[in-house]
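Summary of structural features
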Amino acid sequence: MHHDHWDDGTDAPDPRWSPDTLAVAAGRPERVPGAAVGPPVELSSTFVGAGKVPTGQPMYGRVDNATWTACEEALGALEGAPGGTTLFASGMAAIAAVLDLVPDGGLLVVPDAAYNTTLELAEVLHGRGRLRVARVDVADTAAVLATLDGDDRPDLLWLESPTNPLLQVSDLATCLPAAHSAGVLTVVDNTFATPLVQRPLDLGADLVVHSVTKYLAGHSDVVLGAAATRDATLSQRLRTHRRLHGAVPGPFEAWLALRGMRTLALRVARAQASAADLAARLAAHPAVARVRHPSLPDDPGHALASAQMRGFGAVLTVQVHGGPDAADAFVDAVRLWVPATSLGGVESMLERRRRHANEPQTVPEDLVRLSVGIEDVEDLWADLDQALRASS
Ligand SMILES: *Cc1c(COP(=O)(O)O)cnc(C)c1O
């Protein structure tokens, strides 16, 4: 049995549908009497076939899997990625595959503060002489544009917006086309925004990467990644990388991620509304020294985020009075919020980021990152308020 009827176009989702609709409608089996409404988990490692290697039919489970395809179709529809979407075993596997596009000795420009393991991998590759790394403040548009000038042009510009965890906003609509004109390949890590809030490919990015682990899967029970593009050649290179390096997703993980994406619009809408509400209340709390969230009118990213995003995302950070010890006491004192790393799940979570050895030094020691989930906002607020009072 093969499943290429899933993408034969007969019941293909209309790309003009709203992203909220595409999240529900894309990546479904063809509508024929008796067909399943959603795709099954395809668990076969190999597929029947004799004689010549077939085209358009699955052959081996490291190369093709119908459940991956369904999940890739849905995410590709959300990101506006006709070139193709490639699922990987984790966000880092997708990131490593994209970094592999940089030629030997090539120049990679990365944010000076962003997802710590992306930066760690870039440093490892730099240290080995595989490529060269330059860092830039992605919220400083002039500085980003300056990296595109001169003889030593980057081979890849890596942007993240909003950044993890400082929530810096990069002017994607300016930086991406400028890089394109300079012949520089661009990628945006869109994990924090999700495609419902921001579509970097529409703004000129060559590639988008995701930790599907976070909002897309959304229930803190999956580790998965993806890269999406409009460019079929780039997509083919990523698929070849996946086939050669073998960082393939598990079929069950792909199924769970697709199931999670069905409710993405509801989860993101609730979570980002609550995040803006909590950010405003926290900013007025006597125990709190600083809140970062692009929804706040005095946040450095507010104007840009208002123009470029549909909402402000559901991650915020706080710094409490009293330094790292007070921050740890605050995290220890919550009862509903889960003290844990990661983000984007239905459960609200928080952690002090600098407890990780590889966190960039540009992140303040006392910064606590909060990932707002979908619980009742009054319960979330009451728990934060009691924890702040108990720890200050
Ligand atoms: C978590 C995260 C990653 C890494 O994804 P994994 O699925 O954990 O490998 C990459 N980028 C951002 C912004 C993240 O938050």
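Throughout what follows, the structure given in this document is the object of discussion.

The rules behind each value
- Residues numbered from 1 in each chain as written.
- Predicted model: local features only at pLDDT ≥ 70, side-chain atom pairs only at ≥ 80, totals over all residues.
- Heavy atoms only, no water.
- Helix = DSSP H or I, 4+ residues; strand = E, 2+ residues; numbered from the N terminus.
- Rg over C-alpha atoms; globule rule 2.2 N^0.38 Å.
- Buried < 20%, exposed > 50% of the residue type's maximum accessible area, 1.4 Å probe, protein only.
- Contact = heavy atoms within 4.5 Å.
- Areas by Shrake-Rupley, 256 points an atom, 1.4 Å probe, with all protein chains shown as cover.
- Lys, Arg positive; Asp, Glu negative; His and termini not counted.
- Charge placed at Lys NZ, Arg CZ, Asp CG, Glu CD.
- Patch = residues over 30% accessible without salt bridge, like charges linked within 9 Å, V, L, I, M, F, W, Y side chains within 5 Å.
- Salt bridge = Lys/Arg side-chain N within 4 Å of Asp/Glu carboxyl O.
- Near = heavy atom within 4 Å.
- Polar contact = N/O pair within 3.5 Å; in protein donor to acceptor, adjacent residues only side chain to side chain.
- 1 Å grid on protein atoms, 1.4 Å probe; cavity = no way out; pocket = protein on both sides within 12 Å on 5 of 7 lines; lining within 4 Å.
- Sits in = over half its atoms within 2 Å of the grid points.
- Nonpolar A, V, L, I, M, F, W, Y, C, P; charged D, E, K, R; others polar.
- Pairing = 2+ DSSP bridges.
- Points joined across faces, edges and corners; volume = space filled by probe spheres on them.
- Axes fitted to C-alpha atoms, helices over the stretch in contact; angles between N-to-C directions.
- Left-handed = near helix turned anticlockwise from the far one by under 90°.
- Core = buried A, V, L, I, M, F, W, Y, C linked by side-chain atoms within 4.5 Å.

1. Overview of the overall build of the protein
Counting its secondary structure elements, the protein contains twelve helices and twelve strands. In terms of C-alpha radius of gyration, the protein reaches 21 Å, essentially the compact-globule figure of 21 Å for 392 residues. Expressed along its principal axes, the backbone C-alpha trace of the protein runs to roughly 70 × 55 × 35 Å. Taken over 392 residues, the protein has a buried fraction of 54%. For the protein, the share of sequence-separated contacts (at least 6 apart) that also reach a separation of at least 24 residues comes to 70%. When the accessible area of the protein is evaluated, it comes to approximately 16,200 Å², of which 54% is carbon and sulfur surface. Each charge sign in the protein was given a centre, from 32 positive and 48 negative side chains, and these centres are 3 Å apart.

2. Quick word on a nonpolar patch on the surface
On the surface, Val53, Met59, Tyr60 and Val63 cluster together into a nonpolar patch covering about 350 Å² of accessible area. Residue position: Met59 is located in the loop between helix H1 (19–25) and helix H2 (66–79). Judged by relative accessible area, which is 39%, Met59 ranks as partly exposed.

3. Description of the site of the ligand
Close to the ligand lie 14 residues; Met92, Asp189, Ser211, Thr213 and Lys214 are nearest. One of the side-chain N or O atoms of Asn164 is found 3.1 Å from an oxygen atom in the ligand. Contacts to the ligand include Thr213, whose side-chain N or O atom sits 2.6 Å from an oxygen atom. Coverage of the ligand by the protein amounts to 92% of the 380 Å² it exposes when considered alone. Assessed atom by atom at 2 Å from the grid points, the ligand resides in the second largest pocket. In terms of residue count, helix H3 (residues 91–99) provides more of the shell around the ligand than any other element does, three residues in total. Here the shell around the ligand is built from residues that sort into six nonpolar, six polar and two charged.

4. Re the pairing of strand S9 (residues 315–320)
On any regular strand, side chains alternate: one points to one face of the sheet, the next to the other face. Among the six residues that make up S9, six are buried, leaving the element largely enclosed by the rest of the structure. In S9, alternate side chains face the same way, and those of Val315, Thr317 and Gln319 on one face and Leu316, Val318 and Val320 on the other are all buried. Where strand S8 (residues 288–292) meets S9, four bridges bridge the pair, whose relative direction is antiparallel. Counted as the bridge partner of Arg290 is Gln319 from S9. Taken together, the five bridges between S9 and strand S12 (residues 367–371) define a ladder with antiparallel strand orientation. If you follow Val315 over to S12, its bridge partner there is Ser371.

5. Quick look at empty space enclosed by the protein
Evaluation of the coordinates by the stated rule reveals three cavities of 30 Å³ or more. As for the largest cavity, its lining consists of Pro162, Leu167, Phe192, Tyr215, Pro294, Met309, Phe312, Gly313, Ala314 and Val315. Within this model, the second largest cavity holds a volume of roughly 40 Å³. As for the second largest cavity, its lining consists of Tyr215, Gly218, Arg267, Ala271, Gly344, Gly345, Val346, Val372, Gly373 and Ile374. The class makeup of the residues in the lining of the second largest cavity is five nonpolar, four polar and one charged.

6. Describing the side chain of Thr213
Position of Thr213 among the secondary structure elements: in the loop between strand S6 (207–211) and strand S7 (225–229). Taking the relative accessible area as the measure of exposure, Thr213 reaches 15% and is therefore buried. Side-chain polar atoms of Thr213 contact the backbone nitrogen of Leu224, separated by 3.0 Å. Not counting the four nearest positions on each side in its chain, Thr213 is found in contact with Gly218, Val222, Val223 and Leu224.

7. As for the packing of H2 against helix H8 (residues 251–261)
Across the interface, H2 lies against H8 with an axial gap of 8 Å and an inter-helix angle of 35°. Crossing of H2 over H8 shows left-handed handedness. For the pair formed by H2 and H8, the contact residues are Thr67, Trp68, Ala70, Cys71, Ala74, Leu75 and Leu78 on the first element and Pro251, Ala254, Trp255, Ala257, Leu258 and Met261 on the second.

8. Observations regarding the pairing of strand S11 (residues 349–352)
Residues Met349 and Glu351 point to one face of S11 and Leu350 and Arg352 to the other, with burial holding for every one of them. Examined bridge by bridge, strand S10 (residues 338–339) and S11 share two bridges and lie parallel to one another. Each bridged residue has a counterpart across the sheet, and for Pro339 the counterpart in S11 is Leu350. Note: S11 against S12, four bridges, orientation antiparallel. Residue Arg352 lies in a different strand from S12, and its bridge partner there is Val368.

9. Let's talk about the nonpolar core
Among the nonpolar cores identified, the biggest contains 65 residues, and Leu282, Leu316, Phe330, Trp337 and Leu370 are the most heavily contacted of them. Per element, the largest residue contribution to this core is eight residues, and it comes from helix H9 (residues 264–283). Not counting chain neighbours up to four residues away, the residues in contact with Phe330 comprise Val318, Val320, Leu350, Val368, Leu384, Ala387, Leu388 and Ser391. Counting residues in each nonpolar core, the second largest holds 25 residues, with Val133, Trp158, Leu207 and Val209 among its members.

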